[in-house]
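Take a look at the letters that make up each chain.
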Amino acid sequence: MNYPQKNNSSDKIAAIEEIGDNHFTSSCETPLRKDAFDTNDEIKIKLIEKHFSEIMNILGLDLTDDSLSGTPRRVAKMYVKEIFSGLNPVNRPEVRLFENIYKYKEMLIEKDISFYSMCEHHFAPIIGKAHIAYKPNDKVVGLSKLNRIVRYYAKRPQVQERMTMQIALDLQKSLDTNDVAVIVEAKHLCVSMRGVKDDTSSTITSHFCGSFENEKDREELFKYLQLTSE
C-alpha cells in the first residue's frame, strides 16, 4: 500500500489518520532505529517517566495526588520491562530442540495461546490467541516454547499481520522445518474504544508454510481447531 506524499499540514494529518485506521505495515520487520539498544533499560525508564509526566501534566492531571504521583514511573517500567520487552532481541526465549525419538511426523498443534499486544498506530491493546501447527523433522520442541515465542513477538508495538508472519518465520527457522502454520485471532481495542467503536468484531490472520500451503493439510488443521475454511 503506497500513500502519496503530502505537502501541507492538513494533508499530512489526513494521511496519518488514513494509515492509523488501516492495518498498514511497511515490512515483516518491526521498524527500529539502528541505535535502538544503545541506551540501557534504566535510562529508558527514566526518560519515559519524564515524558509521561509531561503528558499527564498536559492532560491537566495533578501529579501531586498520591494516586497519580507514581504513575509515570509505573508506566515507564511497564513499557520497558513488560509490554514492549519483545523489542529487545536479548529477551527472545531460547528454543531448545529435542530428539524426535518417537519419529512423529504428523502435525503437532498448540491452540489457544493467549497473548496481549499493543497496536502500533494508537498504542491501544490487542488481546487475542494464536494457534500454531508444525510437522517435526528429526527434532521437536517443548510446547511451552511455542507460547513464549508468540508472547515475545506480541510484546512490542504491533500490526497483527506482521506479528503472524514474524511468529511463523521464526518457528520455521527455530524448528528446522518448512511445515509451519500460524493463525491469530484478536480483538483490537483501537477499534472497540475509538473510531467506529465496534465492540463485537475481531480480526483473524494466518500464515501457512510448506505442507500447510496444501488444501488437505489446511482442512485437517481447521478440523482440529474447529474452524471452517469457507
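About the criteria used
- Residues numbered from 1 in each chain as written.
- Predicted model: local features only at pLDDT ≥ 70, side-chain atom pairs only at ≥ 80, totals over all residues.
- Heavy atoms only, no water.
- Axes fitted to C-alpha atoms, helices over the stretch in contact; angles between N-to-C directions.
- Helix = DSSP H or I, 4+ residues; strand = E, 2+ residues; numbered from the N terminus.
- Parallel < 35°, antiparallel > 145°, perpendicular 65-115°, else oblique.
- Left-handed = near helix turned anticlockwise from the far one by under 90°.
- Contact = heavy atoms within 4.5 Å.
- Nonpolar A, V, L, I, M, F, W, Y, C, P; charged D, E, K, R; others polar.
- Pairing = 2+ DSSP bridges.
- Buried < 20%, exposed > 50% of the residue type's maximum accessible area, 1.4 Å probe, protein only.
- Lys, Arg positive; Asp, Glu negative; His and termini not counted.
- Salt bridge = Lys/Arg side-chain N within 4 Å of Asp/Glu carboxyl O.

In contact at an axis separation of 8 Å, helix H2 (residues 41-58) and helix H3 (residues 71-83) are set at 135° when each is read in the N-to-C sense. Classed by the angle they form, the pair H2 and H3 counts as oblique. Between H2 and H3 lies a crossing of right-handed hand. The segment H2 lies against H3, with Asp-41, Glu-42, Lys-44, Ile-45, Lys-46, Ile-48, Glu-49, Phe-52, Ser-53 and Met-56 engaging Thr-71, Pro-72, Arg-73, Val-75, Ala-76, Lys-77, Tyr-79, Val-80 and Lys-81. Split into classes, the residues belonging to the contact of H2 with H3 amount to 9 nonpolar, 2 polar and 8 charged.

The next point concerns the sheet that holds strand E3 (residues 125-134). In spatial order, the strands read E5-E2-E3-E6-E7; together these 5 strands make up an open sheet with mixed pairing. What marks the edges here is a single partner per strand, and that holds for strand E5 (157-158) and strand E7 (203-208). Sheet topology places strand E2 (residues 108-119) next to E5; 2 bridges connect them, and they run parallel. In the strand pairing of E5, Met-118 is matched with Pro-157. Running over the sheet, helix H7 (residues 215-225) touches E2, E3, strand E6 (180-188) and E7 and is turned about 75° from E2.

Topologically, Glu-110 is positioned in strand E2. Despite its burial, Glu-110 remains without a salt bridge, the nearest opposite charge being carried by Arg-151 at 8.3 Å. Sequence-distant contacts of Glu-110, that is, excluding residues within four places in its chain, are made with Ala-130, His-131, Ile-132, Leu-143, Leu-146 and Asn-147.

With 8 of 9 residues buried, E6 is to be regarded as a mostly interior element. With 9 bridges connecting them, E3 and E6 associate as antiparallel partners. By the bridge assignment for E6, Tyr-134 is matched with Val-180. The pairing of E6 with E7 spans 6 bridges and is antiparallel. Following the sheet pairing, Ile-183 is matched in E7 by Ser-206.

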